[in-house]
Amino acid sequence: MIGLDGVSAQQLSDTIGAIYDCALDPHQWPDTCREIADLCESTAGGICVHDVRHVQNDQLFVFGYQPEFLEKLGSHYAQSPMAAADIVSKIGDVSALSMMRLELLGSRFAREVLEPFGLLDIIWFPALRTGGRMASMHASRSEKAPHYQQLEIGLLKLLSPHVCRALAISDALDIRALRSEMLENTLDALVTGVFLTSRDGRVVYMNAAAERQVKTGNSIRIVNNRISPTDPATRAALSKAIDKASRDDIDLDTSEHSLAIPDIDGAGYVATLLPVDRGQRSGIIAPFAASVAVFTKDPAEAPLMPGEAFARLYRLTGGELRVLLALTQGLGAKEAADMLGISEPTARTHLQHIFSKTDTTRQADLLRLLQNSTPQVRAPQ
């Protein structure tokens, strides 16, 4: 590979390799964006995702920008030179504001977006168009540096096809690189372990709860990048269940895809397997995509009761909700009254109001209704 002035062939090769690593691991994009910006002698950069249908502009994996600038850019993006150029540009075509310097001079975009934040030039290219979204990679220079020249533009032209392919691969593999951080934050908030596996059983993602379960090592381990229960019989059963859940040619009965994962002390987890929506994937990429979701739950861990949401749904008062939550601890009306510091008749009055509002008649039915309001791992009917 031939290098450009100031950039060695090895640097280019390493950067292109890092770009393709991002295709399967989107978390590497921040470092790779910095690496590309450094090669272009830029002080800031990242990936921008413009949602045409929702008129939304999100900056992902960015560095070096003031938050106020990103907010201002988002509100002015539709009127920016970048948006106008991207309408007529092909995927991978590199542009720079310095190419349209005469049009930019004295423009509202320059006055309101660039100049207040000391930005001189931006270089970018559209990298992905799919489903009403457009992603572009960009880098920028401050007023302390010169405009981008043909050297930097040529370098980005060399790298842009690889960035485009990497983002296209991520999108095709359903990794959803452009929204992966939002999804990860959601999954990490769950107390249930979530393992996403490929068709051949390899783990492609674990949420925070799953990582904690693996660290204990009593029930579940990761061996050769696969979920490996410590119990041999369970290990074989789980492997068979993952294989069955990932097949396209059978109708799945979720009752057949729940199994126990015991630990060495006689407790452990209950695992439920569900197929991930496969979409139209070709055979060549299927082994790399998430095909099965494995949810692992410790039965000894009481689920978080959806108290506030339940109260709003059935219009319970604060006093009624407190009585209800006391009942969930196995208390009767008298014990609940003692714990809450109210009279027993008041507690029973609250309970009768709760029965009326929830259309239940017995404490067992009421608690079952509350329990059923917690999220369940269940396939759609």
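Residues numbered from 1 in each chain as written. Predicted model: local features only at pLDDT ≥ 70, side-chain atom pairs only at ≥ 80, totals over all residues. Heavy atoms only, no water.

1. Observations regarding the overall build of the protein chain
Along its length, the protein chain carries 15 helices and 12 strands. Out of the 381 residues belonging to the protein chain, those deemed buried represent 44%. The contacts of the protein chain with a sequence gap of at least 6 include a subset with a gap of at least 24, amounting to 59%. Accessible surface, the protein chain as shown: approximately 20300 Å² in total, 54% of it carbon and sulfur. (Helix = DSSP H or I, 4+ residues; strand = E, 2+ residues; numbered from the N terminus. Buried < 20%, exposed > 50% of the residue type's maximum accessible area, 1.4 Å probe, protein only. Contact = heavy atoms within 4.5 Å. Areas by Shrake-Rupley, 256 points an atom, 1.4 Å probe, with all protein chains shown as cover.)

2. So, empty space enclosed by the protein
For the coordinates displayed, the defined rule picks out three cavities of 30 Å³ or more. In this structure, the largest cavity occupies an estimated 110 Å³ of space. What lines the largest cavity is Cys48, Gln59, Tyr65, Phe69, Leu73, Tyr77, Met82, Asp86, Ile122, Trp124, Ser136 and His138. Elements that contribute at least two residues to the lining of the largest cavity include exactly α3 (67–76), α4 (81–88), β4 (119–130) and β5 (133–142). A per-class count over the lining of the largest cavity returns eight nonpolar, three polar and one charged. Its volume calculated, the second largest cavity comes out at about 50 Å³. As for the second largest cavity, its lining consists of Cys33, Ile36, Ala37, Gly45, Gly46, Met137, His138, Ala139 and Leu156. Breaking the lining of the second largest cavity down by element, the ones donating at least two residues are α2 (29–39), β1 (44–51) and β5. Across the lining of the second largest cavity, the residue classes break down as six nonpolar, three polar and no charged. (1 Å grid on protein atoms, 1.4 Å probe; cavity = no way out; pocket = protein on both sides within 12 Å on 5 of 7 lines; lining within 4 Å. Points joined across faces, edges and corners; volume = space filled by probe spheres on them. Nonpolar A, V, L, I, M, F, W, Y, C, P; charged D, E, K, R; others polar.)

3. Some points on the pattern of salt bridges
Applying the stated criterion across every chain, the model contains eight salt bridges. Between Arg108 and Glu112 there is a salt bridge; the shortest N-O distance is 3.1 Å. Here Arg108 and its partner Glu112 are both found in helix α6 (residues 108–114), four residues apart, which amounts to about one turn of the helix. Arg108 sits in the exposed class, given a relative accessible area of 53%. Given the relative accessible area of 27%, Glu112 is considered partly exposed. When the shortest N-O distance is used, the salt bridge between Arg141 and Glu152 registers 3.2 Å. Of the two residues, Arg141 is situated in strand β5 and Glu152 in helix α7 (residues 150–172); the sequence distance between them amounts to 11 residues. Since its relative accessible area comes to 3%, Arg141 is described here as buried. Each of Glu41, Arg141 and Glu152 takes part in salt bridges that share partners, so that together they form one network. (Salt bridge = Lys/Arg side-chain N within 4 Å of Asp/Glu carboxyl O.)

4. Quick look at unusual backbone geometry
Backbone geometry at Asn224 places phi at a positive 55°, although glycine is not the residue there. As for its placement among the helices and strands, Asn224 is situated in the loop between β8 (220–223) and β9 (226–229). Given a relative accessible area of 66%, Asn224 falls into the exposed group. Its identity is not glycine, yet Asp359 carries a phi of approximately 60°, on the positive side. By the element assignment, Asp359 lies in the loop between α14 (344–358) and α15 (363–372).

5. Details of the pairing of β8
With four bridges connecting them, β8 and β9 associate as antiparallel partners. The residue of β9 that forms the bridge with Arg221 is Ser228. Counted between consecutive antiparallel strands, the loop separating β8 from β9 contains two residues, among which Asn224 sits at a positive phi close to 55°. (Pairing = 2+ DSSP bridges.)

6. Points about the confidence of the model for the protein chain
Scored by pLDDT, the protein chain has a mean of 78; 79% of the residues are at 70 or more. Of all the helices and strands in the protein chain, helix α8 (residues 180–188) carries the lowest mean pLDDT, 57, while α14 carries the highest, 93. In the model, residues 252–256 has pLDDT below 50 throughout and makes eight contacts with residues more than four positions away in sequence or in other chains. Here residues 376–381 is modelled with pLDDT under 50, and outside its nearest four sequence neighbours on either side it reaches seven contacts, counting other chains as well. (pLDDT = per-residue confidence, 0-100.)

7. Describing the environment of Ala245
Structurally, the position occupied by Ala245 is in helix α10 (residues 232–245). As a C-alpha pair, Ala245 and Ser291 span 46 residues in sequence and 8.0 Å in three-dimensional space.

8. Structural notes on the nonpolar core
If you look at the biggest cluster of nonpolar residues, it comprises 35 residues, and the most contacted ones within it are Trp29, Ile47, Ile123, Phe125, Met137, Leu159 and Val163. Going through the elements one at a time, α1 (9–24), α2, β1, β2 (56–63), β4, β5 and α7 are the ones with two or more residues in this core. Contacts of Phe125, omitting those with residues within four sequence positions, involve Gly92, Asp93, Val94, Ala135, Ser136, Met137, Leu156, Ser160, Val163 and Cys164. (Core = buried A, V, L, I, M, F, W, Y, C linked by side-chain atoms within 4.5 Å.)

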